[in-house]
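Residues per chain, in single letters:
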Amino acid sequence: MKGKIVRATRPGARQSCDYSVLRRRSGFELIVECGDCGAEPSLDNPVCFGNIARAVQQEGSPVAITLRSHVERRYGAGATATIGHISSILNRVQSLQGQLAMDSVRGGGCPDCVRILSGKLAVIGQGFASMEISGALSAAKTLETKTPPARQICQDCAGMTNVQIQDILVAVRNLENSILRGAFNVVAVDG
């Protein structure tokens, strides 16, 4: 099969889906094989949504998403853009969580600072991955930084953390803008 890369379920992965990547001129299409799944394949289904968000985190933002089952569902630019924004936020959250894990082993006062921020990041990540978008957006907006720390080592750590927090907040604003554009994109009026 020329142009396809098949990604199979990884051992130990929880409820992940098999998918392939079909290259197109304008980008790539993510094709998810849903035939063996007992759930109705749809981006409205939290399990499907989470699995597709993880695939987009790994592969990047596609131009289309197709869910193959007895009925094939294809999602276009609006849905893929929104999932791309969510996956971008999840990648940034995971990156910051990794940095915080390294900072927490430094000793000193780091574990106290890291614990609070790690908790907020976990809430944001879980919210986006489980389709609790409004709660995740609200939690993300609480990430704004506070007063700078007094110790030099803490100032360095806070500086790196603030840059990543600002990246998350920019990605959250991009997601909100994407959702608003989609909400006001009226195609037809029933009447």
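Residues numbered from 1 in each chain as written. Predicted model: local features only at pLDDT ≥ 70, side-chain atom pairs only at ≥ 80, totals over all residues. Heavy atoms only, no water.

## Structural notes on the overall build of the chain
Counting secondary structure elements, the chain contains 5 helices and 5 strands. The order of α-helices and β-strands along the chain, N terminus first, is β-β-β-α-β-β-α-α-α-α. Split into buried and exposed, the 191 residues of the chain put 35% on the buried side. Residue pairs at least 24 apart in sequence account for 59% of intrachain contacts in the chain once pairs closer than 6 positions are excluded. Surface summary for the chain: the accessible area is close to 11200 Å², and the carbon and sulfur share equals 55%. (Helix = DSSP H or I, 4+ residues; strand = E, 2+ residues; numbered from the N terminus. Buried < 20%, exposed > 50% of the residue type's maximum accessible area, 1.4 Å probe, protein only. Contact = heavy atoms within 4.5 Å. Areas by Shrake-Rupley, 256 points an atom, 1.4 Å probe, with all protein chains shown as cover.)

## Describing helix α4 (residues 133–140)
One full turn of an α-helix is made of 3.6 residues, so residues set three or four places apart face in the same direction. Turning to α4, its buried residues are I133, A136, L137, A139 and A140. Considered in projection along α4, the buried side chains sweep an arc of 165° and stay on one side of the axis. (Arc of directions from axis to C-beta.)

## With respect to helix α1 (residues 46–59)
Taking 1.5 Å per residue as the helical rise, α1 with its 14 residues ought to reach 20 Å, and the 20 Å between its terminal C-alpha atoms agrees with that figure. Taken together, the buried positions of α1 are C48, F49, G50, N51, I52, A53, A55, V56 and Q57. Of the residues that open α1, the one with a side-chain oxygen 2.9 Å from the backbone nitrogen of V47 is N45. Remark: G60 follows α1 within two positions and exhibits a positive phi of approximately 105°. (Expected span 1.5 Å × (residues − 1). Polar contact = N/O pair within 3.5 Å; in protein donor to acceptor, adjacent residues only side chain to side chain.)

## Quick look at the nonpolar core
In this structure, L30, I52, L121 and F128 are the most contacted members of the largest nonpolar core, which totals 39 residues. Contributions of two or more residues to this core are made by β2 (18–24), β3 (27–33), α1, β4 (64–68), α2 (77–104), α3 (110–129), α4 and α5 (152–183). Per-element tally for this core: the top contributor is α2, with 7 residues. Excluding residues that lie within four positions of it along the chain, I52 makes contacts with L30, V32, L43, I65, L67 and I83. (Core = buried A, V, L, I, M, F, W, Y, C linked by side-chain atoms within 4.5 Å.)

## Some details on the side chain of T80
By secondary structure assignment, the location of T80 is in helix α2. Polar contacts involving the side chain of T80 include one to the main-chain carbonyl oxygen of P62, which spans 3.4 Å. Apart from the residues within four sequence positions on either side, T80 is in contact with S61, P62, V63, A64, I65 and Y75.

## Thoughts on the side chain of E29
Mapped onto the fold, E29 is located in strand β3. For E29, the side chain forms a polar contact with the side chain of T66, separated by 2.3 Å.

## Topic: unusual backbone geometry
Negative phi is the rule for most residues except glycine; trans is the rule for most peptide bonds. Phi is positive for M131, close to 70°, though the residue is something other than glycine. The residue M131 is located in the loop between α3 and α4 in this model. M131 gets classed as partly exposed once you look at its relative accessible area, which sits at 29%.

## Digging into the pattern of salt bridges
Under the definition given, this model contains 5 salt bridges. Between R24 and E29 there is a salt bridge whose closest N-O contact spans 2.5 Å. Given the relative accessible area of 39%, R24 is considered partly exposed. Of the charged contacts, one joins R68 and E72 as a salt bridge, the two residues approaching to 3.4 Å between their closest N and O atoms. Connected through salt bridges with shared partners, the residues R24, E29 and R74 form a single ionic network. (Salt bridge = Lys/Arg side-chain N within 4 Å of Asp/Glu carboxyl O.)

## With respect to the confidence of the model for the chain
Averaged over all residues, the pLDDT of the chain equals 77, while 75% of them reach at least 70. The model gives residues 1–14 a pLDDT under 50, and that stretch makes 25 contacts with residues more than four places away or in other chains. (pLDDT = per-residue confidence, 0-100.)

## Observations regarding the pairing of β3
Counting buried positions over the 7 residues of β3 gives 5, a clear majority of the element. For β2 and β3, the ladder comprises 7 bridges, and the chain directions are antiparallel. Paired with R23 across the bridge in β3 is F28. Here β2 hands over to β3 after 2 residues, the two strands then running antiparallel side by side. Of the pairings in the sheet, the one linking β3 to β4 comprises 5 bridges and is parallel in character. Bridge pairing in β4 links E33 to R68. Handedness of the β3-α1-β4 crossover: right-handed. (Pairing = 2+ DSSP bridges. Right-handed = clockwise from strand over helix to strand, strands pointing away.)

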